[in-house]
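# Overview (structure and organization)
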Amino acid sequence: MQKIFDEVNSLDKRCYEKFLLSEDLLMEHAASSIASYIRENHSSCKSILIVCGSGNNGADGITLARLLHKKFDVKLYLASNPKSSMTQLQFQRVEALKIEIINELFEADIIVDCLFGTGLNKPLDEKSTNLINTLNSYNSFKIACDIPSGINNLGQVQSVAFEADITITMGALKTSLFSDVSKDYVGKIIVADLGVEREVYEVESNKFLLDESDMNLPFRNKKNSHKGSFGHLNVVAGCKKGAGIIAANAAFNFGSGLVSVVCHENLDLPYHLMQTHFISENCTAIAIGMGLGKYETDEIRKILNKNVSKIIDADLFYDELICEVLNQEIVLTPHPKEFCSLLKLCKIADIKVEELQNNRFLYVPMFSKKYPKVTLLLKGANVIISKNEKLFVNSFGSAVLSKGGSGDVLSGLIGSLLAQGYDCLDSVITASLAHTMAAKNYDKNNYSLLPTDLIEEIRKL
Ligand SMILES: NC(=O)C1=CN([C@@H]2O[C@H](COP(=O)(O)OP(=O)(O)OC[C@H]3O[C@@H](n4cnc5c(N)ncnc54)[C@H](O)[C@@H]3O)[C@@H](O)[C@H]2O)[C@@H](O)CC1
Ligand SMILES: Nc1ncnc2c1ncn2[C@@H]1O[C@H](COP(=O)(O)OP(=O)(O)O)[C@@H](O)[C@H]1O
Ligand SMILES: [K+]
């Protein structure tokens, strides 16, 4: 996993003070990383348009122009006059080189966006909005320097933002790159070193971006085993029985030794799933909430108080009963609307989905601070997983998963790992990664995935 930071100004400052690196040197490395990327990946491109603002993000762009001058046909567009001292210094250097400054935007082979970086501190004016809209309308290959212009430090986009194919971000990963909103703008993200290795530049952090290698699949290492060695998951099915059956199916395919669907009615289940009318005596984990609908409160309360691992999803986030179990070591997997209801029920905030989506990295820690024993997975384009003080982002998901039933598969995967003895956080991290990797491996198209296709891909991981 890789560290993520809410801000990096203090890390830049630490480089000046602790390692005696100058701002000029850091900037040279920033620009040099983009130059190397272009030389290595787009050597046959001809024209490069670098669009610069008045601050140090613009200064990165002006520096880049100097580095690429002559090797490529570089044109600089200055959206405003150089303001910061570094921008002015870099500008004097390109003036000495007589690099061409243009006043009209054009569809170059590559566009590098150096308009605003981490210094964006107010909404874009009409001129910047139009400029970014024009750049977005071009078919050029688009590179964002540090962060796509228009995304602020909270990962919000007020009007428009540069739609990058790749973001080359300076020094370390920033939280703002991983809001759900940002996902449509950042493209691929790579980190550029700023004169020291990343591990030297970075300090401690409690936020992490998950890598594929953080997925710890349930391989069966024990030779002397039987079905009971790999747990027994009980999936409680409610009025929308399909949800429970999908979850149960996902769980069985992810290694749980036994999976039973708990339902008062007799169900027509696939042969590998068992049915029980009440929670099994020997169950090692319970998945509940998916498609639950109306249920007898006392019965649910009894299930929620059973002393086994639990994953709670969907309808239970609208029921006050949930508040009774938030001091347990449990897993909760709400989508944004369900999380808003949960926040309201536990008196943390009364907000609309839009407010949550604009501030996911604010409300998730608020919840975890109040309920440190709960492992929370907030669904979304970039899934956020949080336990106690630590927060993890899974950015591998895609719109392939925007389908009814995708969340039920996820609940089943988490339940499966809980049943097999994983702790809550490990279950959620591995299940979430498996869920998104499986979706990534589905190669037909990005619209037709069925829960059964997703489960089929899980089988192949
Ligand atoms: N400090 C350092 O050592 C380094 C800084 N670097 C670059 O510096 C950037 C940060 O530079 P700055 O702090 O100068 O900030 P920016 O270059 O992001 O922009 C800030 C400037 O734009 C103005 N501004 C902010 N929002 C605006 C809006 N909506 N409309 C019009 N003007 C607006 C500000 O008043 C300020 O003049 C980073 O993103 C990174 O690209 C890198 O070169 C790495 C090293
Ligand atoms: N655009 C997207 N990018 C990444 N993941 C997505 C996207 N859309 C949906 N998902 C994932 O799909 C799942 C949907 O879950 P949910 O909304 O509970 O569906 P359901 O209840 O119908 O099963 C979540 O894990 C969510 O993170
Ligand atoms: K930028």
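Computed from a predicted model, the values in this text were never measured in an experiment.

### Some words on the packing of helix α3 (residues 56-68) against helix α4 (residues 85-97)
Running from N to C, α3 and α4 cross one another at 20°; their axes reach a closest spacing of 8 Å. Taken as axis vectors, α3 and α4 run roughly parallel relative to one another. Of the two elements, α3 crosses α4, and the hand of that crossing is left-handed. Side by side, α3 and α4 meet where Asn56, Gly58, Ala59, Ile62, Thr63 and Arg66 of the first sit next to Met86, Thr87, Gln90, Phe91, Arg93, Val94 and Leu97 of the second. Looking at the contact of α3 with α4 residue by residue, the class counts come to six nonpolar, five polar and two charged.

### Remarks on the site of ligand 1
Close to ligand 1 lie 23 residues; Tyr16, Asp60, Gly117, Lys122 and Asp146 are nearest. The backbone of glycine 119 places a nitrogen or oxygen atom 2.9 Å from an oxygen atom of ligand 1. In the model, an oxygen atom of ligand 1 is placed 2.5 Å from a nitrogen or oxygen of the aspartate 146 side chain. Burial of ligand 1 by the protein chains amounts to 83% of its free accessible area of 880 Å². Using a 2 Å cut-off from the grid points, one finds that ligand 1 occupies the largest pocket.

### A look at the coordination of the potassium ion (ligand 3)
Every protein donor of the potassium ion (ligand 3) is listed here as Asn57 (OD1), Asp113 (O), Asp113 (OD), Phe116 (O), Cys145 (O), Ile147 (O) and Ser149 (OG), and their distances to the metal cover 2.7 to 3.2 Å. Sequence spacing among the residues donating to the potassium ion (ligand 3) works out to N-x55-D-x2-F-x28-C-x1-I-x1-S. You can see asparagine 57 sitting in helix α3 and its partner phenylalanine 116 sitting in the loop between β5 (110-114) and α5 (126-137), a full 59 residues away along the chain.

### What about the pattern of salt bridges?
As a working rule, side chains carrying opposite charge can pair if their charged atoms are close by. The final tally for this structure, using the stated rule, is 16 salt bridges. A salt bridge links arginine 93 to aspartate 24; the nearest nitrogen and oxygen atoms lie 2.9 Å apart. Placement of arginine 93 in helix α4 and of aspartate 24 in helix α2 (residues 23-41) is noted, with a sequence separation of 69 residues between them. We classify arginine 93 as partly exposed; its relative accessible area is 27%. Here glutamate 457 and lysine 460 are joined by a salt bridge, their closest N and O atoms 3.4 Å apart. Highlighted residues: glutamate 457 and lysine 460, both in helix α15 (residues 451-460), separated by three residues, approximately one helical turn. Residue classification places glutamate 457 among the buried residues on the basis of a relative accessible area of 9%. Judged by its relative accessible area of 55%, lysine 460 falls in the exposed class. Through salt bridges that share partners, Asp73, Lys75 and Glu100 make up one connected network.

### Focus: the sheet that holds strand β2 (residues 47-52)
Taken in spatial order, the seven strands make up an open sheet running β4-β3-β2-β5-β6-β7-β9, and their pairing is parallel. One side of each edge strand has no neighbouring strand; the edge strands of this open sheet are β4 (101-102) and β9 (188-192). Contacts from α3 reach β2, β3 (73-78), β5, β6 (141-145) and β7 (166-170), with the element oriented near 155° to β2.

### With respect to helix α8 (residues 241-253)
With 13 residues, α8 extends 19 Å from end C-alpha to end C-alpha; this agrees with the ideal 18 Å at 1.5 Å per step. Tucked inside the fold, the buried residues of α8 contact β11 (232-236), β12 (258-262), α13 (406-419) and α15. Remark: glycine 255 follows α8 within two positions and exhibits a positive phi of approximately 110°.

### Digging into the packing of aromatic side chains
Following the criterion strictly, the structure yields three aromatic pairs and no others. Judged by centre distance (5.6 Å) and plane angle (25°), the ring pair of phenylalanine 208 and phenylalanine 392 falls under stacked. Here the residue phenylalanine 208 occupies a position in strand β10 (residues 207-209), and phenylalanine 392 occupies one in strand β19 (residues 390-394), the gap between them amounting to 184 residues. When its relative accessible area of 4% is taken as the criterion, phenylalanine 392 is described as buried. For the ring pair phenylalanine 367 and tyrosine 371, a centre distance of 5.0 Å and an interplane angle of 45° mean the geometry is tilted. The exposure classification of phenylalanine 367 matches that of tyrosine 371, with both residues buried. Aromatic ring contacts, followed pair by pair, group Phe339, Phe367 and Tyr371 into a single cluster.

Conventions used here
Residues numbered from 1 in each chain as written. Chains lettered and ligands numbered in written order. Predicted model: local features only at pLDDT ≥ 70, side-chain atom pairs only at ≥ 80, totals over all residues. Heavy atoms only, no water. Axes fitted to C-alpha atoms, helices over the stretch in contact; angles between N-to-C directions. Helix = DSSP H or I, 4+ residues; strand = E, 2+ residues; numbered from the N terminus. Parallel < 35°, antiparallel > 145°, perpendicular 65-115°, else oblique. Left-handed = near helix turned anticlockwise from the far one by under 90°. Contact = heavy atoms within 4.5 Å. Nonpolar A, V, L, I, M, F, W, Y, C, P; charged D, E, K, R; others polar. Near = heavy atom within 4 Å. Polar contact = N/O pair within 3.5 Å; in protein donor to acceptor, adjacent residues only side chain to side chain. Areas by Shrake-Rupley, 256 points an atom, 1.4 Å probe, with all protein chains shown as cover. 1 Å grid on protein atoms, 1.4 Å probe; cavity = no way out; pocket = protein on both sides within 12 Å on 5 of 7 lines; lining within 4 Å. Sits in = over half its atoms within 2 Å of the grid points. Donors = N, O, S within 2.8 Å, 3.2 Å for Na, K, Ca; no water. Salt bridge = Lys/Arg side-chain N within 4 Å of Asp/Glu carboxyl O. Buried < 20%, exposed > 50% of the residue type's maximum accessible area, 1.4 Å probe, protein only. Pairing = 2+ DSSP bridges. Expected span 1.5 Å × (residues − 1). Phe/Tyr/Trp six-rings, centres within 6.5 Å; stacked < 30°, edge-to-face > 60°.

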